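# A closer look at the structure
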Amino acid sequence: MEDQEEKLELQRAREFGDIINDTFVFIKQNFGPLMRAYITICGFFLVAQIAVEIVSKLRDLDDGSAGSPFNASYWWSLLFTIVTASAITITIYSYMALYREKGKVAPTVTEVWGYFRYFFVRVFGAHIVVTLCIIAGFVMCVFPGIYLTPILALVVPIMIMENASLNYSFNYSFRLIKENWWFIFGLLIIIFIIYYAGLALVVLPGTIISGGAEWVSGMKFNSSEIIVESVSMGIARIFYVVPCIAMALAYFSLSDQKHGTSLINRIQALGKNPLSDDRSSEQY
């Protein structure tokens, strides 16, 4: 009988390709409990966001103000988008924090929910600040926004993994990125290409069906398109776990390179477990 696959170690240095590969290894090894936590905790927020988007877009369609920032529905939709993004990131990072603390054991939904409640207000506020900083950066000749994006991508993982304040997370992110900006920037590009490819797999079929129905009937089904698009986008947000996990692994990697945390932990563990002295499969 083959040995079970060894559980992924989060806190260790990784190369560029290792982060991408280990992102999918982590999802594969934790798919069941991770999806239970995602659906149970984030499900309400996803349904609420879908409902708000549908109502907002249908109202905009009726009064001809689609996408205008000068109506309440636009701001309600934006608010629920940030809330939902916060819920997803907190759930994923809380799961990973507990997984690490429990020694590579999958946490329960109840445990993840406890972390979620503790971090929600703090991370929601951080998401607003991060979003405003990136928007301001892009307004200022685009380049500041591009420069800030990799740095700010690590703020929330740091907040949750280290139970840190927003100020500390900002400063520590800057220190980690100092000599690794291109590393994180390239990682973000690759990961979001994968993310948007996943979105397309879910969203495109509905769009094609709606467009085909319009072409066959010769009628415009604006309301149907809005509903299909909103529901498809809500379902497709499950792919957001990919960039979340990748950024967490990037944080663990850069932090380990800076402080040698994983090596220190291994040295401290020597002798505590007689079975752990068999190191034939790993070199130091």
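Residues numbered from 1 in each chain as written. Predicted model: local features only at pLDDT ≥ 70, side-chain atom pairs only at ≥ 80, totals over all residues. Heavy atoms only, no water.

## Digging into the overall build of the protein chain
Of regular secondary structure, the protein chain possesses 10 helices and zero strands. When the 284 residues of the protein chain are sorted by exposure, 43% land in the buried category. Summarising the internal contacts of the protein chain: among those between residues at least 6 apart in sequence, 73% fall at separations of at least 24. Counting every atom, the protein chain has about 15,500 Å² of accessible surface; 67% of that belongs to carbon and sulfur. (Helix = DSSP H or I, 4+ residues; strand = E, 2+ residues; numbered from the N terminus. Buried < 20%, exposed > 50% of the residue type's maximum accessible area, 1.4 Å probe, protein only. Contact = heavy atoms within 4.5 Å. Areas by Shrake-Rupley, 256 points an atom, 1.4 Å probe, with all protein chains shown as cover.)

## Here's the deal with the layout of surface pockets
Put simply, the largest pocket is a space of about 1,100 Å³. Along the wall of the largest pocket there are 33 residues; nearest its centre are Ala-85, His-127, Thr-131, Phe-192 and Tyr-240. For the lining of the largest pocket, the secondary-structure elements that each account for two or more residues are α2 (72–101), α3 (109–139), α4 (143–152), α5 (155–161), α7 (181–217) and α9 (241–259). Examining the composition of the lining of the largest pocket, we find that nine residues originate from one element, α2, more than from any other. Each residue belonging to the lining of the largest pocket can be placed in one class, and the counts come to 24 nonpolar, eight polar and one charged. (1 Å grid on protein atoms, 1.4 Å probe; cavity = no way out; pocket = protein on both sides within 12 Å on 5 of 7 lines; lining within 4 Å. Points joined across faces, edges and corners; volume = space filled by probe spheres on them. Nonpolar A, V, L, I, M, F, W, Y, C, P; charged D, E, K, R; others polar.)

## Section: a nonpolar patch on the surface
A cluster of nonpolar side chains, namely Tyr-74, Trp-75 and Leu-78, defines an oily patch on the protein surface of about 290 Å² accessible area. Note on placement: Leu-78 falls in helix α2. (Patch = residues over 30% accessible without salt bridge, like charges linked within 9 Å, V, L, I, M, F, W, Y side chains within 5 Å. Salt bridge = Lys/Arg side-chain N within 4 Å of Asp/Glu carboxyl O.)

## Regarding the environment of Arg-237
By secondary structure assignment, the location of Arg-237 is in the loop between α8 (222–236) and α9. Judged by its relative accessible area of 13%, Arg-237 is buried. Residues Arg-237 and Leu-199 lie 38 residues apart in sequence; the distance between their C-alpha atoms is 7.4 Å. Leave out the neighbours within four places in its chain, and Arg-237 touches Tyr-38, Leu-46, Gln-49, Glu-53, Thr-84, Ile-88 and Leu-199. Here Glu-53 takes part through its side chain, which lies 3.4 Å from a polar atom of the side chain of Arg-237. (Polar contact = N/O pair within 3.5 Å; in protein donor to acceptor, adjacent residues only side chain to side chain.)

## A short note on the pattern of salt bridges
Enumeration according to the criterion identifies five salt bridges in this entry. Residues Arg-14 and Asp-22 are paired through a salt bridge, measuring 2.6 Å at the closest nitrogen-oxygen approach. This pair shows no difference in class: Arg-14 is buried, exactly as Asp-22 is. Glu-53 is paired through a salt bridge with Arg-237; the nearest N and O atoms lie 3.4 Å apart.

## Describing the packing of aromatic side chains
Tallying each qualifying case throughout the model produces 21 aromatic pairs. Taking the centre distance of 5.9 Å and the plane angle of 85° together, the rings of Phe-16 and Phe-183 count as edge-to-face. In this pair, Phe-16 is assigned in helix α1 (residues 16–63) and Phe-183 in helix α7, connecting sequence segments 167 residues apart. The exposure class assigned to Phe-16 is partly exposed, which follows from its relative accessible area of 29%. By relative accessible area, which is 21% here, Phe-183 ends up partly exposed. Seen from their ring centres, Tyr-115 and Phe-119 are 6.0 Å apart, and the 50° between their planes marks the pair as tilted. Highlighted residues: Tyr-115 and Phe-119, both in helix α3, separated by four residues, approximately one helical turn. Take Tyr-115: its relative accessible area is 22%, and that puts it in the partly exposed class. Taking the relative accessible area as the measure of exposure, Phe-119 reaches 3% and is therefore buried. In this structure an aromatic cluster arises from ring pairing among Phe-44, Phe-45, Trp-113, Phe-116, Phe-120 and Phe-124. (Phe/Tyr/Trp six-rings, centres within 6.5 Å; stacked < 30°, edge-to-face > 60°.)

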